[in-house]
Amino acid sequence: MAVKLVEETPYRFRIDPVDGMRVPGVVFASRRLLPDLSNDQALTQVANVATLPGVVEASYAMPDVHWGYGFPIGGVCATDIDRGGVVSPGGVGFDISCGVRLYTCDLDRSRFAEVVGPVMDGLARVIPRGMGTGGVWTLSGRDQLDAVLRGGSRYAVERGHGVERDLDRCEDFGAVADADPSQVSERAAQRGMKSLGSLGSGNHFLEVQAVDAVLDERLAEAFGLRVNQICVMIHCGSRGLGHQICSDFVARMERVMPAYDIKVPDRQLACAPVTSPEGQAYLGAMAAAANYARANRQMLGQAARQVFEKETGRTLDLLYDISHNLAKIETHVVDGEERRLCVHRKGATRALPPGHPDLPPDLRDVPGVGQPVLIPGSMGTASYVLSGVEGGPAFASTCHGAGRALSRHQAARSVRGAELRRRLEAQGIAVRGASARGLAEETPEAYKDIDAVIEAAAGAGLARPVARLVPVGVVKG
DNA sequence: ATGTGC
């Protein structure tokens, strides 16, 4: 599909419907980010998504959009459940409920410098990472795995892995409803059994970060962030379990699409009506994987908390835990009417407005304070905390990270792992990696400029920047 | 992203 962009505002570009598109495409980006997009498969994917049955408003792209499996990464698409709307595993992604959790620590950057060695060595010892299996929690069997799949972080806390306040600060208060472990294949379960509490590889990490700049004093205070404060960010997902569930359901939906008379321009857009048996089965399995991902982050956070308590005498307080790969059933006003939608966010972060009932209890009634939004940067660069805003377009969603600019292969060719490690250490960043190649694939040059992405997200009215964080120690898969 | 690839 040939894609033509029309500038609507400095931060919003439109793709008019052609060739079976049911709605326009809308790309939130700045002029600075746009050249990267002009010759990119990602925009064709934005247009392809606009052909899905039941799609409403627009196929949205966030400022960090890039090419993905079928759907672009950095894409948001909502379908109307009661008007034939579909759900698609490709619109969620392989790493179901991949997301970020951020803890604050009552410790300043200068004090942390005195204990950086023991803390980083402690984290390196307790945080499983890299390809393959082995997590901090060895499950007793399928029954206990199913308890994780139903209960998420809540089950982990019930079993002593965390405190009740952690759950107040988790999306969905720690567990997605309607998880259906019976829809999780034996193969997916086998893969999940041995990986609970592990980072994985790729761009997943655990970082010790320092608040570099406060960008909104009032919001930062509400979120408990101050300049030079130490934080811990964890970015990971549902490991082999989520991957297997996605694979299982892509194959299943490809088989049943003809029976629903659904035709899509790319077979990687395989989908089924939300209300169909296949749609419901996927949503049940997806919710189970989402709970696994949250329990995964809970376990890693608890392991990090114990290291901090032992080595610094200070604990970690959870600021928030939020996914950026998930489909959710939500109610939004479309064409002046409240509709039940299936909102797919793939490489896009939910950003609820101030006063929303799903906000943490202690933030819910604070005027002007929206949902904490956690945006991980690439290795060695900044990460951001944002806040959801009133009236955000794109069904209360924003970007999820810097977005790749080079493929893994290109990145690995551009720099040697050992050299990159020295460079990071020279910048004052303590590195505890798993493999040299893994490091090279994540070199900062392989990603877009996170500062430009955040500027575009703010300019487009998707979210409000609160604080900029920089890494002081990184544990990578 | 992933027991990395039909």
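Residues numbered from 1 in each chain as written. Chains lettered and ligands numbered in written order. Predicted model: local features only at pLDDT ≥ 70, side-chain atom pairs only at ≥ 80, totals over all residues. Heavy atoms only, no water.

Quick word on the pairing of strand β5 (residues 73-80)
Regular strands place their side chains on alternate faces of the sheet. In terms of burial, β5 is largely enclosed, as seven of its eight residues are buried. Sheet analysis places strand β4 (residues 59-66) next to β5, joined by three bridges and oriented antiparallel. Counted as the bridge partner of Ala61 is Gly75 from β5. Turn length for the β4-β5 hairpin, with the two strands adjacent in sequence and antiparallel, is six residues, and the turn residue Gly70 shows positive phi of about 75°. Bridge count for β5 against strand β13 (residues 337-346) is six bridges, and the pairing is antiparallel. Residue pairing across strands places Cys77 opposite His344, the latter belonging to β13. (Buried < 20%, exposed > 50% of the residue type's maximum accessible area, 1.4 Å probe, protein only. Helix = DSSP H or I, 4+ residues; strand = E, 2+ residues; numbered from the N terminus. Pairing = 2+ DSSP bridges.)

With respect to the pattern of salt bridges
Overall, the coordinates contain 38 salt bridges when judged by the stated rule. A salt bridge links Asp212 to Arg468; the nearest nitrogen and oxygen atoms lie 2.7 Å apart. A residue pair is termed long-range when its members are at least 10 positions apart, and Asp212 in strand β8 (residues 205-214) and Arg468 in strand β19 (residues 464-476) qualify at 256 residues. Residue Asp212 is classed as partly exposed on the basis of its relative accessible area of 36%. One continuous salt-bridge network, built from bridges that share partners, spans Arg404, Arg408, Arg437, Glu441 and Glu442. (Salt bridge = Lys/Arg side-chain N within 4 Å of Asp/Glu carboxyl O.)

Observations regarding the nonpolar core
Tyr60, Met62, Ile245, Tyr282 and Phe395 are the most contacted members of the largest nonpolar core, which totals 102 residues. Broken down by element, this core gets its largest block of residues, 12 residues, from helix α10 (residues 277-312). Here Phe395 is in contact with Val56, Glu57, Tyr60, Val76, Ala78, Glu330, His332, Val334, Leu341, Val343 and Arg345, once residues within four sequence places are set aside. Counting 29 residues, the second largest nonpolar core, distinct from the first, contains Met379, Val385, Leu420 and Val474. (Core = buried A, V, L, I, M, F, W, Y, C linked by side-chain atoms within 4.5 Å. Contact = heavy atoms within 4.5 Å.)

What to know about the UniProt feature "binding site: Mn(2+) 2" (unreviewed entry) in chain A
The UniProt entry lists His235 and His324 under the feature "binding site: Mn(2+) 2" (unreviewed entry), expressed in the numbering used here. Look at the named residues: they lie 90 residues apart in sequence, but the longest C-alpha span between them is just 10.3 Å, so in the fold they bunch up. Examined against the element boundaries, His235 turns out to sit in strand β9 (residues 229-236). Each residue touching His235, except ones within four places of it in the same chain, is listed here: Cys98, Gly99, Val100, Leu199, Asn203, His204, Phe205, His324 and Pro376. Among the polar contacts made by the side chain of His235, one reaches the main-chain carbonyl oxygen of Asn203 at a distance of 3.2 Å. In this fold, His324 is placed in the loop between β11 (316-323) and β12 (325-334). Look past the residues within four positions of His324 in its chain and what remains in contact with it is Cys98, Gly99, Val100, His235, Arg345, Lys346, Gly347, Ala348, Thr349, Pro376 and His400. (UniProt positions renumbered as here; feature names shortened; annotations may be inferred. Polar contact = N/O pair within 3.5 Å; in protein donor to acceptor, adjacent residues only side chain to side chain.)

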